[in-house]
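For reference, the chains in residue letters:
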Amino acid sequence: MPHPLIIDTDPGVDDALALVLALRSPEVDLRAVTVPFGNVGLDRTFANARRVLALAGRPDVPVAAGAARPLVYPQEEWAPEWHGADGLGQRSAEFPDPIDPDPRSAVELMADVLRGADEPATIATIGPLTNVALLLAVHPELTARIGRIVTMGGSLGGGNTRQGRAEFNVYADPEAAHRVLTQPDVPVTLVPLDITMRCLAGGGWVEELTASGPRGATLARMLALYRAAFRERHGTDSVALHDPLAVLEAILPGTLRTTPLPLGVRCDLGPDRGTTVAHPDPGGHGPDVHVALDGDTGSAAAEMLRRLCTLG
Ligand code: RIB
Ligand code: CA
């Protein structure tokens, strides 16, 4: 029986790959997609998520909009240099028109899915954590219906935001990230930059996706800007599969090897705002976070490609 999965996402080109990966994985049943602001504004992340589902031929999957801004302070960074101003590598016009939106809010769609699932669902977050923080605040009675939260975000060894110290998803809403990482009710697996920056797709990977069929080719073309930005910033012709790696771990638990750590997020307004740190109050937080710091990222990238190529 496929496991119920909810993905919260800010498409975003690696988000788009992660959504298709979930849809092409028989182990999971993608029951809902919820969308916050993030790489680009909510108007675009919301339309992009629905474009990707249209490309995948899955208008049956409900997509609901959530937070348009962080919980406390205004968003400081977007990521058009990586994802294009449209959020899909400036290729959104090559995607089908978006599927119809679900009329519920992200929080209410997630709540309805959790209530209706025949087993506790997995929530995979691959953008800012605002929607999931709100879900936990509005519906504490549903935490038992969440089996696991798998989060792409954070970093123990240096970030990727403009000032370089924090990771984008956590920096976008540090208060929301701290809430999710330190809550005592739902086990959290964190997939940080420390491992996602080792999960790279090179030219051959992209070319194989291109050759897999017209829809795979659309996804591959979407990666061109991201690949050029990665080459310019990191000097290698590849793309980091941040979000797909987290979603692969959600689909195949145990893909990555984790270390339990008492993590929190710096929420002050200083230069370290948004950095993931050892929890300042080791005795006063929830269970440790399962931090994915090791795994065969080469095999993971190959498995992602195999599944993405089934889109055709
Ligand atoms: O730091 C990587 C994360 O930021 C990924 O989720 C990517 O989509 C961007 O949102
Ligand atoms: Ca993302």
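Structure: above.
The structure presented is a predicted model; accordingly, all values stated were derived computationally and were not measured. (Residues numbered from 1 in each chain as written. Chains lettered and ligands numbered in written order. Predicted model: local features only at pLDDT ≥ 70, side-chain atom pairs only at ≥ 80, totals over all residues. Heavy atoms only, no water.)

Engineer: Please explain the overall build of the protein as it appears in this structure.
Structural biologist: What the protein contains, in helices and strands, is 13 helices and 12 strands. Here the protein has a C-alpha radius of gyration of 18 Å; the compact-globule value for 312 residues is 20 Å, and the two agree. Looking at the protein as a whole, 58% of its 312 residues qualify as buried. The contacts of the protein with a sequence gap of at least 6 include a subset with a gap of at least 24, amounting to 82%. Per element, the accessible surface of the protein, about 11,200 Å² overall, is 54% carbon and sulfur. Computed over 26 positive and 39 negative side-chain charges, the separation of the two mean positions in the protein equals 3 Å. (Helix = DSSP H or I, 4+ residues; strand = E, 2+ residues; numbered from the N terminus. Rg over C-alpha atoms; globule rule 2.2 N^0.38 Å. Buried < 20%, exposed > 50% of the residue type's maximum accessible area, 1.4 Å probe, protein only. Contact = heavy atoms within 4.5 Å. Areas by Shrake-Rupley, 256 points an atom, 1.4 Å probe, with all protein chains shown as cover. Lys, Arg positive; Asp, Glu negative; His and termini not counted. Charge placed at Lys NZ, Arg CZ, Asp CG, Glu CD.)

Engineer: Just to check I follow, could you spell out the coordination of the calcium ion (ligand 2) for this structure?
Structural biologist: Six octahedral donors at a metal ideally form angles of 90 or 180 degrees, and four tetrahedral donors ideally form angles of 109.5 degrees. On the protein side, the calcium ion (ligand 2) has Asp-10 (OD), Asp-15 (OD), Asp-15 (OD), Ile-126 (O) and Asp-243 (OD) as donor atoms, found 2.2 to 2.6 Å from it. The exposure class of Asp-15 is buried, given its relative accessible area of 0%. According to the relative accessible area criterion, Asp-243 is buried, its value standing at 2%. (Donors = N, O, S within 2.8 Å, 3.2 Å for Na, K, Ca; no water.)

Engineer: Is there a simple way to explain the site of ligand 1 in this structure?
Structural biologist: Looking at ligand 1, there are 14 residues lining it, with Asp-14, Asn-39, Asn-160, Glu-167 and Asp-243 nearest. One of the side-chain N or O atoms of Asn-39 is found 2.9 Å from an oxygen atom in ligand 1. When isolated, ligand 1 has an accessible area of 280 Å², and the protein chains bury 96% of it. In this structure, ligand 1 is accommodated by the largest pocket. If you list the elements that add at least two residues to the shell around ligand 1, you get helix H1 (13-23), helix H6 (168-172) and helix H12 (242-251). Among the residues making up the shell around ligand 1, the classes are represented as 4 nonpolar, 5 polar and 5 charged. (Near = heavy atom within 4 Å. Polar contact = N/O pair within 3.5 Å; in protein donor to acceptor, adjacent residues only side chain to side chain. 1 Å grid on protein atoms, 1.4 Å probe; cavity = no way out; pocket = protein on both sides within 12 Å on 5 of 7 lines; lining within 4 Å. Sits in = over half its atoms within 2 Å of the grid points. Nonpolar A, V, L, I, M, F, W, Y, C, P; charged D, E, K, R; others polar.)

Engineer: In this structure, what is going on with the sheet that holds strand S4 (residues 121-125)? I would like to understand it.
Structural biologist: Sheets are built from strands that pair by backbone hydrogen bonding, the pairs being arranged parallel or antiparallel. As summarised here, the arrangement of the 8 strands in space is S3-S2-S1-S4-S5-S6-S12-S9, forming an open sheet in which the pairing is mixed. This sheet does not close on itself; its edge strands, each paired only once, are strand S3 (63-65) and strand S9 (256-261). Ignoring strand direction, the axes of neighbouring strands in this sheet form an average angle of 25 degrees. For S9 and strand S12 (residues 289-295), the ladder comprises 6 bridges, and the chain directions are antiparallel. Following the sheet pairing, Thr-258 is matched in S12 by Ala-292. Here helix H2 (residues 42-55) sits on the sheet in contact with strand S2 (28-35) and S3, set at roughly 180 degrees to S3. Along the sheet face, H12 touches strand S1 (3-8), S2, S4, strand S5 (146-152), strand S6 (188-191) and S9 and points at about 160 degrees away from the line of S5. (Pairing = 2+ DSSP bridges. Axes fitted to C-alpha atoms, helices over the stretch in contact; angles between N-to-C directions.)

Engineer: Honestly, the environment of Arg-307 in this entry has me stumped. Any pointers?
Structural biologist: Tracing the chain through its elements places Arg-307 in helix H13 (residues 297-308). Relative accessible area serves as the criterion here: at 5%, Arg-307 is assigned to the buried category. C-alpha of Arg-307 to C-alpha of Ser-25: the two residues are 282 residues apart in sequence and 6.8 Å apart in space. If we ignore the near neighbours within four places in the chain, the residues touching Arg-307 are Leu-21, Arg-24, Ser-25, Pro-26, Glu-27, Ile-251 and Leu-252. Among the polar contacts listed, one links the side chain of Arg-307 to the side chain of Ser-25, at a separation of 2.9 Å.

Engineer: Please explain helix H7 (residues 174-182) as it appears in this structure.
Structural biologist: Spacing of three or four residues puts side chains on the same side of an α-helix, whose turn is 3.6 residues. Most of H7 sits inside the fold, with 7 of its 9 residues counted as buried. Three or more residues of H7 are buried, namely Pro-174, Glu-175, Ala-176, Ala-177, Val-180, Leu-181 and Thr-182.

Engineer: Mind showing me how you'd approach the packing of aromatic side chains here?
Structural biologist: Here a ring pair, both rings aromatic, is described through the centre-centre distance and the interplanar angle of the planes. Using the criterion set out here, one finds 2 aromatic pairs in the structure. Ring centres of Trp-82 and Tyr-226 lie 6.1 Å apart, and the angle between their planes is 70 degrees; this geometry places the pair in the edge-to-face category. Taken together, the positions of Trp-82 in helix H3 (residues 80-83) and Tyr-226 in helix H11 (residues 224-234) put the pair 144 residues apart, joining distant regions of the chain. Note on Tyr-226: relative accessible area 4%, which makes it buried. Considering the side-chain rings of Trp-82 and Phe-230, the 6.3 Å spacing of their centres and the 65 degrees angle between planes classify their relative orientation as edge-to-face. (Phe/Tyr/Trp six-rings, centres within 6.5 Å; stacked < 30°, edge-to-face > 60°.)

Engineer: Before we go on, may I ask you to explain the pattern of salt bridges in this structure?
Structural biologist: Side chains that differ in sign of charge can pair as their charged atoms come close. If you walk through the whole model with that rule in mind, you get 20 salt bridges. Measuring nitrogen to oxygen at the nearest pair gives 2.8 Å for the salt bridge that ties Arg-58 to Asp-60. One salt bridge in this structure joins Arg-115 and Asp-112, with 2.8 Å as the shortest N-O distance. Taken as a pair, Arg-115 and Asp-112 lie in helix H4 (residues 106-116) at a separation of 3 residues, close to a single helical turn. Using a relative accessible area of 43% as the deciding quantity, one classes Arg-115 as partly exposed. What you see here is one network of salt bridges that share partners, running through Glu-27, Glu-303, Arg-306 and Arg-307. (Salt bridge = Lys/Arg side-chain N within 4 Å of Asp/Glu carboxyl O.)

Engineer: Looking at this structure, I do not really get a nonpolar patch on the surface. What am I missing?
Structural biologist: On the surface, a cluster of nonpolar side chains totalling about 360 Å² of accessible area is made up of Leu-71, Val-72, Tyr-73 and Leu-269. On the basis of relative accessibility, which here comes to 59%, the residue Leu-269 falls in the exposed class. (Patch = residues over 30% accessible without salt bridge, like charges linked within 9 Å, V, L, I, M, F, W, Y side chains within 5 Å.)

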